[in-house]
Amino acid sequence: MSKDYLNKWKSLASKELKGKPLESLNWVSPEDITIKPLYTKRDLENVSHLDELPGLAYYSRGPRATMYAGRPWTIRQYAGFSTAEESNAFYKRNLESGQKGISVAFDLPTHRGYDSDHPRVLGDVGKAGVAIDSVEDMKILFDGIPLDKMSVSMTMNGAVIPIMANFVIAAEEQGVRKSKLTGTIQNDILKEFMVRNTYIYPPEPSMRIVSDIIEYTSREMPRFNSISISGYHMHEAGATLVQELAFTLADGKEYVKAALSKGLDIDAFAGRLSFFFAIGMNFFMEIAKLRAARLLWARIMAEFNPTKESSSLLRVHCQTSGVSLQEEDPYNNIVRTSYEALAGALGGTQSLHTNAFDEAMGLPTEFSSRIARNTQLIMQEELGITKVIDPLAGSYYVETLTKQLVEKAWGIIQEIEDLGGMTEAVTSGLPKSRIEESAARKQAAIDQGKEVIVGVNKYKPYQKEDVEILDVDNLTVRSNQIDRLKHIKATRDHDLCIEKLSNLENTCRTGDGNILEQAIEAAKARATVGEISSTMEKVFGRYRADTKTLSGVYQSVYKDDEAFLKIQEKVRLFADTEGRRPRILVIKLGQDGHDRGAKVIATAFADMGFDVDVGPLFQTPEEAAQDAMDNDVHIVGVSSQAAGHKTLVPVLVEKLKSLGGEETIVVCGGVIPKGDYPFLKNLGVKAVFGPGTNILDAADNLLNILMQK
């Protein structure tokens, strides 16, 4: 490009901008990357990976030479429908309709290592996925699905040992040797301590569990991916794309070091590591993120001197973002998911899950799941994107973004190394605090209208759409699971089961042997998920995180914003009248560990002047009610995402009354179907705030309720 030609363009642009500088069109992303309005060949002068071909180091163009031209990505749908029977039927229908692999969503009690009859899981059984208490449930889940032919992905971390054990035994009793099993177990515990919170044991024994699974599968299950290192949940918790990249790959490096500490050869297991990323709405940045991830992982693996090329390949499963889904104008979510899915494909994912449009309101229906699956079928069969290998290679914009993401993420990875690795970083709380700060900044930008969400803070619909929501009868599911548990315990060889659990406990205590190997023997003797988990808990203990909140984020973003200042003045007026500031207790009930919403609310309300208490995760309604009374709060705010509100909130309200807290205001927020609002309000819940609620509006609403008392 000649200098005269470029100057001619600049003159034309200046005329169209009426004299404003071209830089006025620049945009700074949450990753602190300046996005220019124009990219040219000059931007690629220092980009070193441009001459790469697909399947060759450093793999920016994909891990396979022919990519989708040789074989399209695997279509997966992440699903679990309360019972093993319903989930099995759903999987079979989807497989008949073109789905190529199974991704299992487990309910929260299973994630947390509780059987369905445990008193702490009253409102959670079957609510956010399938309840699995034993081998018998696992056998039903895969009944009629040939496990020697079907790839199975399981999102499981906390109770990964009993779930893997049950899976292996279910396959063996189906006649499939474990060496023939293909698929992936997530087994990524470090990110649970950062964001998702479905941990059971403390970090150190949790890392031992991870390495034992890698060791066992590399020896006995060579076709099975022993870990899926997940950035998805970091993204959903509010991480920027740079944070998602850096923390995920640093987790991966930590797992490699843990496996090597078991004496494993790098080439014996590295080829079975896989990754899991979210795909959000910054279209080109998401494409560049997957390219950058492959470059960075190859750089990291070079430190361990593998001899096989496959040891340096980053293979990735992607899922469209759940947090980008909105309750308002919900059919817009179909469009959002389609664009996100396209970004995942153009970025070179190996498998993909597309979210259903109604997941901002509740569990997906069969209707919404079909649209989500067909989105991928249309992409593969009608768009033509599978005909060309890596069609965006050489893009001035995408390649520049790739380079910038690599540089910024590498800086954070090196920072983590300086701390002693990811386990030390997680223990220090550094990743968690940075992600929570990013989440608060993003929500503030949405509330201010600086980040546009169509149908939510701009172009709002004139009328509300009625959308059918899947409602799970939690109490019936739990009752049926308890009956099955009773039958298993009554018909098994009790002494043999106790012996196998004792062997498991001894392995956990002494460090001799492999934990998964012993758990498989216990599962074969019909030890339940809860029994295997509690046996390990005797040795390792159950981890309880410290509850910390940020402050100052909303204050710094809003500064002199008139609406924000009015809320602060209203808080001061209340304090002058009542003699103290309004006090709110923000809680999560049951086993739902997704605390992004609760943490953002706590941060924002504290900056507006409220006194804010945050309850510990995994409270029972009775415990939360007692906390509310002990702290003498005006308001209890229940944050719900896992559909347990219809079971747990009534218990909370009744317990508050029994403790003399009739005047305590109860409000709910989160993923709550509008059809459930009347039920909650009839209980005495004063307000319900769904997804997309402006936090300043919510605070103003609560202050009005308080002042009317």
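Treat the numbers as computed from the prediction; the structure is a model and nothing was measured.

Visitor: A description of the overall build of the chain should follow, citing residues and the corresponding values.
Guide: Helix and strand counts for the chain come out as 28 helices and 16 strands. For 709 residues, the compact-globule estimate of 2.2 N^0.38 gives 27 Å, and the C-alpha radius of gyration of the chain, at 26 Å, lies within 12% of that figure. Taken along the three principal axes of its C-alpha coordinates, the chain extends 85 × 75 × 50 Å. Split into buried and exposed, the 709 residues of the chain put 58% on the buried side. By sequence separation, contacts in the chain at least 24 residues apart represent 79% of the contacts at least 6 residues apart. Accessible surface for the chain amounts to roughly 28,500 Å². Of this, 49% is attributable to carbon and sulfur atoms.

Visitor: Now, about the nonpolar core: what can you tell me, with residues and values included?
Guide: With 78 residues, the main nonpolar core has Leu 245, Phe 247, Leu 249, Trp 297 and Met 422 as its most contacted residues. Apart from the residues within four sequence positions on either side, Leu 245 is in contact with Phe 277, Lys 289, Ala 292, Ala 293, Leu 296, Leu 405 and Ala 409.

Visitor: Got a sec to walk through helix H15 (residues 396–419)? Specific residues and values, please.
Guide: Its 24 residues place the ends of H15 36 Å apart at the C-alpha level, agreeing with the 34 Å of an ideal helix rising 1.5 Å per residue. Downstream of H15 by a residue or two, Gly 420 has a phi angle that is positive, lying close to 110°.

Visitor: Residues and numbers for the packing of aromatic side chains, please.
Guide: Going through the model one piece at a time under the given rule, you end up with 19 aromatic pairs. Of the aromatic side chains, those joined through ring pairs into one cluster are Tyr 39, Phe 283, Phe 284 and Tyr 397. Between the NZ or CZ atom of Lys 36 and the centre of the ring of Tyr 39, over which it lies, the distance is 5.0 Å. A cation sits over an aromatic face here: Lys 646 above Phe 679, 5.6 Å from the ring centre.

Visitor: I'd like to hear about the pattern of salt bridges, residue by residue, with values.
Guide: Taken as a whole and assessed by the stated rule, the structure comprises 50 salt bridges. Linking Asp 43 and Lys 36 is a salt bridge whose minimum nitrogen-to-oxygen distance equals 2.7 Å. Among the residues examined, Asp 43 registers a relative accessible area of 22% and is labelled partly exposed. Among the residues examined, Lys 36 registers a relative accessible area of 34% and is labelled partly exposed. A salt bridge links Arg 441 to Glu 437; the nearest nitrogen and oxygen atoms lie 3.2 Å apart. Of this pair, Arg 441 and Glu 437 are both found in helix H17 (residues 430–448), 4 residues apart, which corresponds to roughly one turn of the helix. Arg 441 gets classed as partly exposed once you look at its relative accessible area, which sits at 37%. Taking the relative accessible area as the measure of exposure, Glu 437 reaches 33% and is therefore partly exposed.

Visitor: Summarise the environment of Arg 434; cite the residues concerned and give the values.
Guide: With respect to the helices and strands, Arg 434 occurs in helix H17. Spatially, the C-alpha atoms of Arg 434 and Leu 659 are 38 Å apart, while their sequence positions differ by 225 residues. Those residues within four positions of Arg 434 in sequence are excluded, and the remaining contacts are Gln 243 and Glu 415.

Visitor: I'd like to hear about the side chain of His 317, residue by residue, with values.
Guide: Note that His 317 resides in strand S10 (residues 316–320). Side chain to side chain, His 317 and Ser 351 meet in a polar contact 2.6 Å long. The contact partners of His 317, leaving out residues within four places of it in the chain, are Arg 76, Phe 275, Phe 276, Phe 277, Thr 349, Ser 351, Leu 352 and His 353.

Visitor: An account of the packing of helix H19 (residues 494–510) against helix H20 (residues 515–524) is requested, with residue identities and associated values reported.
Guide: Between H19 and H20, the shortest axis-to-axis distance is 8 Å and the interhelical angle comes to 170°. Relative to H20, the element H19 lies roughly antiparallel. Here H19 contributes Lys 500, Leu 501, Asn 503, Leu 504, Thr 507 and Cys 508 to the contact with H20, which in turn contributes Ile 515, Gln 518, Ala 519, Glu 521 and Ala 522. A class-by-class count of the residues in the contact of H19 with H20 yields 6 nonpolar, 3 polar and 2 charged.

Visitor: Mind laying out a nonpolar patch on the surface, listing which residues take part and the relevant values?
Guide: Nonpolar side chains collect at one region of the surface, where Met 281, Val 335 and Tyr 339 lie side by side and expose about 300 Å² of accessible area between them. By the secondary structure assignment, Val 335 is in helix H13 (residues 332–347). For Val 335, a relative accessible area of 43% translates into the label partly exposed.

Visitor: An account of the sheet that holds strand S15 (residues 665–670) is needed here, citing residue identities and associated values.
Guide: The strand order S13-S12-S14-S15-S16 describes an open sheet built from 5 strands, whose pairing is parallel. Of all the strands in the sheet, just strand S13 (611–614) and strand S16 (687–689) have a single pairing partner and so form its edges. For this sheet the average axis-to-axis angle between neighbouring strands, irrespective of direction, equals 20°. Summarising the sheet, strand S12 (residues 583–588) and strand S14 (residues 635–640) pair through 5 bridges and their orientation is parallel.

Visitor: Give a detailed account of the environment of Phe 367, specifying residues and quantitative values.
Guide: Within the fold, Phe 367 resides in helix H14 (residues 366–382). With 11 residues separating them along the chain, Phe 367 and Ala 356 place their C-alpha atoms 8.9 Å apart.

Visitor: Got a sec to walk through the environment of Asp 32? Specific residues and values, please.
Guide: Within the secondary structure layout, Asp 32 lies in the loop between strand S1 (27–28) and strand S2 (34–35). Measuring from C-alpha to C-alpha, the distance between Asp 32 and Lys 464 comes to 37 Å, with 432 residues separating the pair along the chain.

Visitor: If you had to explain the side chain of Thr 423 to someone new, which residues and values would you point to?
Guide: Locating Thr 423 in the fold gives a position in helix H16 (residues 422–428). Residue contacts for Thr 423: discarding those within four places in its chain leaves Leu 190, Met 207 and Glu 254.

Visitor: Before we move on, could you go through unusual backbone geometry and cite the residues and values that matter?
Guide: Cis rather than trans, the peptide bond between Ala 57 and Tyr 58 has omega equal to 5°. Of note in this structure, Tyr 59 is not a glycine but carries a positive phi near 70°. The backbone of Tyr 459 shows a phi angle near 55°, a positive value even though the residue is not glycine. Within the secondary structure layout, Tyr 459 lies in the loop between H17 and helix H18 (474–491). The exposure class of Tyr 459 is exposed, given its relative accessible area of 56%.

Visitor: Could you give me a rundown of the pairing of S14, with the residues and numbers involved?
Guide: Most of S14 sits out of view: 6 of its 6 residues are buried. Side-chain alternation along S14 places Ile 635, Gly 637 and Ser 639 on one buried face and Val 636, Val 638 and Ser 640 on a second face that is also buried. Alignment of S14 against S15, held across 6 bridges, turns out to be parallel. Counterpart to Ser 639 in the pairing with S15 is Gly 669.

Definitions and cut-offs
Residues numbered from 1 in each chain as written. Predicted model: local features only at pLDDT ≥ 70, side-chain atom pairs only at ≥ 80, totals over all residues. Heavy atoms only, no water. Helix = DSSP H or I, 4+ residues; strand = E, 2+ residues; numbered from the N terminus. Rg over C-alpha atoms; globule rule 2.2 N^0.38 Å. Buried < 20%, exposed > 50% of the residue type's maximum accessible area, 1.4 Å probe, protein only. Contact = heavy atoms within 4.5 Å. Areas by Shrake-Rupley, 256 points an atom, 1.4 Å probe, with all protein chains shown as cover. Core = buried A, V, L, I, M, F, W, Y, C linked by side-chain atoms within 4.5 Å. Expected span 1.5 Å × (residues − 1). Phe/Tyr/Trp six-rings, centres within 6.5 Å; stacked < 30°, edge-to-face > 60°. Lys NZ or Arg CZ within 6 Å of the ring centre and 35° of its normal. Salt bridge = Lys/Arg side-chain N within 4 Å of Asp/Glu carboxyl O. Polar contact = N/O pair within 3.5 Å; in protein donor to acceptor, adjacent residues only side chain to side chain. Axes fitted to C-alpha atoms, helices over the stretch in contact; angles between N-to-C directions. Parallel < 35°, antiparallel > 145°, perpendicular 65-115°, else oblique. Nonpolar A, V, L, I, M, F, W, Y, C, P; charged D, E, K, R; others polar. Patch = residues over 30% accessible without salt bridge, like charges linked within 9 Å, V, L, I, M, F, W, Y side chains within 5 Å. Pairing = 2+ DSSP bridges.

No statement about biological role is implied by the geometric values presented.
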